[in-house]
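Inside the fold
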Amino acid sequence: MEGYQNILIFGEMEGDRLSTLTTQLMRIGKEVSKGLKQEIHLLFLGGESQKAGEEGYGYGADRVYMALNPLLENYMTDPYLQAMEQVVSKLKPAIILFGQNDKGLDLAPRLAFRLKTGVTLDCVDLKINSENGLLEQVKPVFGGKAHSHYFCVDRHPQIASVRDGVFDPADYDRSKAGEVLQLSLSLDPANIRTRFLKKQEDVSLALALKLASANVVVSGGRGLKKKEGVDLIRETADLLDGAIGGSRPAVDYGWLPSTLQVGLTGKKVNPQVYIAVGISGALQHMAGCSKSKTIIAINSDESAPIFKFSHFGVVGNYREVLEGFNDEIRRTRESK
Amino acid sequence: MPNIIVCMKVIIDPEMPFSLFNVDRENRKPMPPSGMPPVFSPFDENALEAALKVKDKQECVITVLSMGKSLPKAVLQKVLAVGADEVVGLEDQEFENLDPFNTAQVMANAIKKVGDYDLVFTGRQAGDWDAGLVWAGIAELLDIPSITIGRNAEIQDGKVIVERCVSDGIEILESDMPALVTFSTEVGELRHVSLQALMKVKRQEISKWSASDMGFVKSTVMQMRDLYEPDLGQVECYLVPGDSGEDKGRDLAKKLLDEGIILREM
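Everything in this summary refers to the structure shown in the same document.

About the cut-offs
Residues numbered from 1 in each chain as written. Chains lettered and ligands numbered in written order. Predicted model: local features only at pLDDT ≥ 70, side-chain atom pairs only at ≥ 80, totals over all residues. Heavy atoms only, no water. Helix = DSSP H or I, 4+ residues; strand = E, 2+ residues; numbered from the N terminus. Buried < 20%, exposed > 50% of the residue type's maximum accessible area, 1.4 Å probe, protein only. Contact = heavy atoms within 4.5 Å. Areas by Shrake-Rupley, 256 points an atom, 1.4 Å probe, with all protein chains shown as cover. Lys, Arg positive; Asp, Glu negative; His and termini not counted. Charge placed at Lys NZ, Arg CZ, Asp CG, Glu CD. Polar contact = N/O pair within 3.5 Å; in protein donor to acceptor, adjacent residues only side chain to side chain. Phe/Tyr/Trp six-rings, centres within 6.5 Å; stacked < 30°, edge-to-face > 60°. Lys NZ or Arg CZ within 6 Å of the ring centre and 35° of its normal. Core = buried A, V, L, I, M, F, W, Y, C linked by side-chain atoms within 4.5 Å. Buried area = accessible area lost by both parts, 1.4 Å probe. Salt bridge = Lys/Arg side-chain N within 4 Å of Asp/Glu carboxyl O. Nonpolar A, V, L, I, M, F, W, Y, C, P; charged D, E, K, R; others polar. Pairing = 2+ DSSP bridges. Axes fitted to C-alpha atoms, helices over the stretch in contact; angles between N-to-C directions. Parallel < 35°, antiparallel > 145°, perpendicular 65-115°, else oblique. Left-handed = near helix turned anticlockwise from the far one by under 90°.

Now for the overall build of chain B. Summing up its helical and strand segments, chain B has six helices and 14 strands in all. Split into buried and exposed, the 266 residues of chain B put 55% on the buried side. Within chain B, counting contacts between residues at least 6 apart in sequence, those at least 24 apart form 74% of the total. Roughly 11800 Å² of accessible area belongs to chain B as shown, and the carbon and sulfur atoms make up 46% of that amount. Taken together, the 28 basic and 44 acidic charged side chains of chain B have centroids lying 3 Å from each other.

Let us look at the side chain of A:Ser310. With respect to the helices and strands, the residue A:Ser310 is situated in the loop between α9 (306-309) and β18 (312-315). Looking at A:Ser310, the relative accessible area reads 0%, which means it is buried. A polar atom in the side chain of A:Ser310 sits 2.6 Å from the backbone oxygen of A:Ile306. Look past the residues within four positions of A:Ser310 in its chain and what remains in contact with it is A:Ile295, A:Ile296, A:Ala297, B:Val235, B:Glu236 and B:Cys237.

Moving on to the packing of aromatic side chains. In this structure the tally under the stated criterion is eleven aromatic pairs over all chains. For A:Lys92, the ring lying beneath its charged end belongs to A:Tyr4, and the centroid distance is 5.8 Å. Lying over the aromatic face of B:Tyr238, B:Lys255 brings its terminal NZ or CZ to 4.5 Å of the ring centre.

So, on to the nonpolar core. Counting residues in each nonpolar core, the largest one holds 70 residues, and the members touching the most others are A:Leu45, A:Met84, A:Phe98, B:Leu90, B:Phe95 and B:Ile111. With seven residues, the single largest contributor to this core is helix α3 (residues 100-114) of chain B.

Next up on the list: the side chain of A:Gln158. Residue and element names in this part refer to chain A. Along the chain, glutamine 158 turns up in strand β11 (residues 158-162). Given a relative accessible area of 6%, glutamine 158 falls into the buried group. Ignoring any residue separated from it by four or fewer positions in sequence, one finds glutamine 158 in contact with Ala94, Ile95, Ile96, Leu134, Leu135, Gln137 and Cys152.

This part takes up the interface of chain B and chain A. Across the contact, 86 residues belong to chain B and 87 residues belong to chain A. Taken over both partners, the interface formed by chain B and chain A buries close to 7800 Å², and the fraction arising from carbon and sulfur atoms is 60%. Across the contact surface, chain B and chain A share nine salt bridges. Close ionic contact of A:Glu328 with B:Arg250 constitutes a salt bridge, the shortest N to O distance being 3.5 Å. Of the residues contributing to the side of chain B that touches chain A, the split by class is 46 nonpolar, 15 polar and 25 charged. As judged from the seven bridges shared by strand β13 (residues 194-201) of chain A and strand β10 (residues 169-175) of chain B, these two strands associate in the antiparallel manner. Across the sheet, the residue bridging to A:Phe196 is B:Leu173, located in β10(B).

All names here are of chain A. The N-to-C vectors of helix α3 (residues 77-91) and helix α4 (residues 102-114) enclose an angle of 55 degrees; their axes lie 10 Å apart at closest approach. Relative to α4, the element α3 lies oblique. The element α3 and its partner α4 pack so that their crossing is right-handed. In contact with Thr77, Tyr80, Leu81, Met84 and Glu85 of α3, α4 contributes Asp106, Leu107, Arg110, Leu111 and Arg114. Taken together, the residues that form the contact of α3 with α4 break down as five nonpolar, one polar and four charged.

Quick look at the sheet that holds strand β5 (residues 63-67) of chain A now. The strands that make up a sheet pair up through hydrogen bonds in the backbone, lying either parallel or antiparallel. Residue and element names in this part refer to chain A. Read from one edge to the other, the open sheet built from seven strands follows the order β7-β11-β6-β1-β4-β5-β12, with strand pairing classed as parallel. The sheet is open, and its two edges are formed by β7 (119-123) and β12 (180-182), each paired on a single side. In this sheet, adjacent strand axes meet at a mean angle of 25 degrees when their direction is disregarded. Bridging between strand β1 (residues 7-11) and strand β4 (residues 40-45) involves five bridges; their strand directions are parallel. Its bridge partner lying in β4, isoleucine 7 is registered against isoleucine 40.

Let us look at the environment of B:Gln77. Residue and element names in this part refer to chain B. If you trace the backbone, glutamine 77 turns up in helix α2 (residues 73-82). Placed 60 residues apart in sequence, glutamine 77 and proline 17 show a C-alpha to C-alpha distance of 26 Å. When sequence neighbours within four positions are dropped, the list of residues in contact with glutamine 77 reads Val201, Lys202, Gln204 and Ile206.

Shown next, in the form of structure tokens:
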């Protein structure tokens, strides 16, 4: 369309490696690029690791670009927007894909409006439509009750962000290599209207990291009834070598920090075991945990929707249920 | 005195049981159950709370711009009762299920019509279509800086200091004003309204602007070509039988252990 070609992935590095979300973007990006019969390019703004850049080729990139500039050191909307405008002007991508994370949800929308084009955030599927050759953007709406299919017609590039954890990481082929191409950008500090003052690491960061990687998650919701309920689910989590999490009401009531919120606008987890305690099963919550291998629900309300999504369930007072449960686990651990 | 504009969308209640909510695939429209009172989009309530928190610390004027097809007076009066100074209802049939690109246009036009402002606060995304785009459109159309997912906003020496929530902590950012900030649950739930406060504002008049009052002209950027209810992934649930909660808890543990679902290494 008017000289716009190829898929551009907005990539991120974690140290010397691609971030997990970036490897997922490489997988879906590759599928989409095949549909278009065009190339897939990977872009890093501000990331410094040459090694991570080269790793991009192993994950399937046809070209990897890096743009370094002191104004890109800490993420802020204005300098990153300026940078993306210049990148789009140089590379003219047909499609740009972002991950749906702090940067993606901030940069993708504003970039789209800046370029007067369209965008869909938090996509759970993307493909090239065989009839019109456009990017078909599939997105959950109404808390996940429905899916919408969107098209950006007559404007370019087509921009979308992809939900974390929906796609597997791309396969890595270490035999694929290439040169990381440096892009030089001229960013004007006079056009930067915000300033980064400092970063505060979250006190609950360790818990949030644990939640992201745990095999077992014990999550509490409104049904915990009070803050002390968290102590009980923590006991269960510890007995199972797992992590704790929560639904939005538990965070709203101040029982759990917001970094442990699992759901549509919170964390997405996919542990082997997800135990939902006093959680009703609203779709906004299920969006964060439905990929768990085994879901177990404990709720005093037998009509709670959570039981429709759970493999195992107990209807009862969660305190009594967990006391029996924890005791049985404790006994089993002690006898081994 | 700083002026804060808070954009609040009125929508179908996102907390309603999802079994009650259906979709008309042919016409690509949601079909909520009739008789359910509309509510403010939850993250927009967080945005109002953020503005009230600024007002707790310093004098300012809070104007709420509320958009919807039909805006019940009782819903709008709630924002006055809770501490906003003014509310303008942007009410028009045209605004039903309006896409984010056009919504941003409506809101930006309305903000320009209000005139003077230092801050614009909105929710990070609406509880119905979950697009997460309107904030960006407003900021671009007004050509003002923006910060997303604030946990706190404070005005100091003509700038706004925002604590921005990111995955591994909090970033403290400073922005020139006027600026736009989006909010999510982290800033805190909207404070409760007392009955007395509601009674006090019952007689307050609320201005309403229509699409033509704001010079709104619809355009097409994105097209929605399908809307349907996907398989929600419901599964067969084994309900643990038993008499007491404690017995059921024990039996649950035993079953999960037997099936190797937990503590497999033991």
